[in-house]
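These are the residues of each chain, in order.
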Amino acid sequence: EIFALQPSPIQVSYKGFVGTLGADYITHMISDSTVAPPEYQAHFVEKMLYMPWTYVVNDYRQQHSEFRVLQDDKPIEREEYGLPAEATVIYCNFNQQYKIDAPTLKAWVQVLRQVPGSIMWLLRFGTSNAAEVTLRNEAVRMGLDDPERIVFTDTVPRRIHLHVKSLADVFLDTPQYNGHGTATDALWAGIPLVTFPVRKMASRAAASFVYASAGEGRTTLVRTMRDMVDVGVRLGKKKNHQIMQNLRRDLYKGRFTSPMWDTQRWVLGFQNMLRMLWESYRHQAETELPPDRVNEEPINRMHVILADSIPATPA
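Q: Go over the sheet that holds strand β8 (residues 150-154) with me, naming the residues and quoting the values.
A: Sheet architecture is open: 5 strands sit in the order β8-β7-β6-β9-β10, paired in parallel fashion. Edge strands, defined here as strands with exactly one partner in the open sheet, are β8 and β10 (193-194). Sheet strands in contact with helix α2 (residues 102-114) are β6 (90-93), β7 (119-124), β8 and β9 (170-172), and its direction is about 140° off that of β7.

Here it is in structure tokens:
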């Protein structure tokens, strides 16, 4: 209701809802060219303001700078968290179950069937096991030989959750509604994330994160569900173990080199954009140009130039 009263001539949407708000009193939306490409502008009532690399800001470097944690003076092991020690490959997805649709589950089953000894690791949410039972039954109906190859574990304390998640080998995304916080968690934990952008903002976010993480991690961006299965299988094959290790190495290295994790650089770029947005509004007000005569593309183009000229923050 406050925004509807328009207390400010410029009102910007950011992250509260992954898509257009459909409200003409919200003038702009923070985005990037992956999660909402310029050709999608017609589907938004807000004018897009494009951050370079990714629209998401985080502070993993500040909160989770350590590479490994010891619990009770011992390395974290699979068995402590309900994961089978003998699993050849641990595929994972840490999203809530409502994001898992039938085509996604079928793709996961196809991956598991082609990688012997592999498992799919999901998190348990709530107190009911109805989702677990349903997903396992559906997986068996789709051809999975053993329902126990879909493993559910409880969530763990926040202090160690990224380190526990790093026990996984490959994150298989949910294409229709991507992982957001879970996807960035996975990338920071060094887990290659296989995803592909569809047509909605909510289904393109993970692609934005993978792109901004740079390095060879971009090779896990695919085009179709079939490609997702193929890449997941290839990463799980023993002969490709070195490729997997290279991906993880690049993701670890990217923690201190890629724009995905450079909070200060993102903030400086964001500040530049807000300044230019305000200057554009002042110019409009002074020249009395009607709103439909103001071309804001120069703001975005200038912003990219300025933001890209901001040096990376030393790790």
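Still more to cover.
Q: Can you lay out the environment of Y50 for me, pointing to particular residues and giving the numbers?
A: Turning to its location among the elements, Y50 is positioned in strand β3 (residues 47-50). Sequence spacing of Y50 and M273 is 223 residues, and the spatial spacing of their C-alpha atoms is 8.8 Å. Only 3.1 Å separates the side chain of Y50 from the backbone oxygen of A36, close enough to count as a polar contact.

Q: Give a detailed account of helix α8 (residues 241-254), specifying residues and quantitative values.
A: For α8, which comprises 14 residues, the first-to-last C-alpha distance of 20 Å matches the rise-based estimate of 20 Å (1.5 Å per residue) to within 8%. Of all the residues in α8, the buried ones are M244, L247, R248, D250, L251 and G254. Looking straight down α8, one finds that the buried residues subtend no more than 160° of arc, so they occupy a single side. Along its buried surface, α8 packs onto β9, α5 (181-188), α6 (205-213) and α7 (225-236).

Q: Go over the packing of aromatic side chains, please, and point to the residues and values.
A: Taken as a whole and assessed by the stated rule, the structure comprises 12 aromatic pairs. Judged by centre distance (5.1 Å) and plane angle (75°), the ring pair of Y60 and W261 falls under edge-to-face. Separated by 201 residues along the polypeptide, Y60 in helix α1 (residues 60-63) and W261 in the loop between α8 and α9 (263-287) bring together distant segments of the chain. Ring centres of W188 and F256 lie 6.3 Å apart, and the angle between their planes is 65°; this geometry places the pair in the edge-to-face category. Remark: F256 occurs in the loop between α8 and α9 and W188 occurs in helix α5; sequence separation between them is 68 residues. Residue classification places F256 among the partly exposed residues on the basis of a relative accessible area of 27%. These aromatic residues form a ring-pair network of at least three members: Y14, Y55, W266 and F270.

Parameters at a glance
- Residues numbered from 1 in each chain as written.
- Predicted model: local features only at pLDDT ≥ 70, side-chain atom pairs only at ≥ 80, totals over all residues.
- Heavy atoms only, no water.
- Pairing = 2+ DSSP bridges.
- Helix = DSSP H or I, 4+ residues; strand = E, 2+ residues; numbered from the N terminus.
- Contact = heavy atoms within 4.5 Å.
- Axes fitted to C-alpha atoms, helices over the stretch in contact; angles between N-to-C directions.
- Polar contact = N/O pair within 3.5 Å; in protein donor to acceptor, adjacent residues only side chain to side chain.
- Expected span 1.5 Å × (residues − 1).
- Buried < 20%, exposed > 50% of the residue type's maximum accessible area, 1.4 Å probe, protein only.
- Arc of directions from axis to C-beta.
- Phe/Tyr/Trp six-rings, centres within 6.5 Å; stacked < 30°, edge-to-face > 60°.

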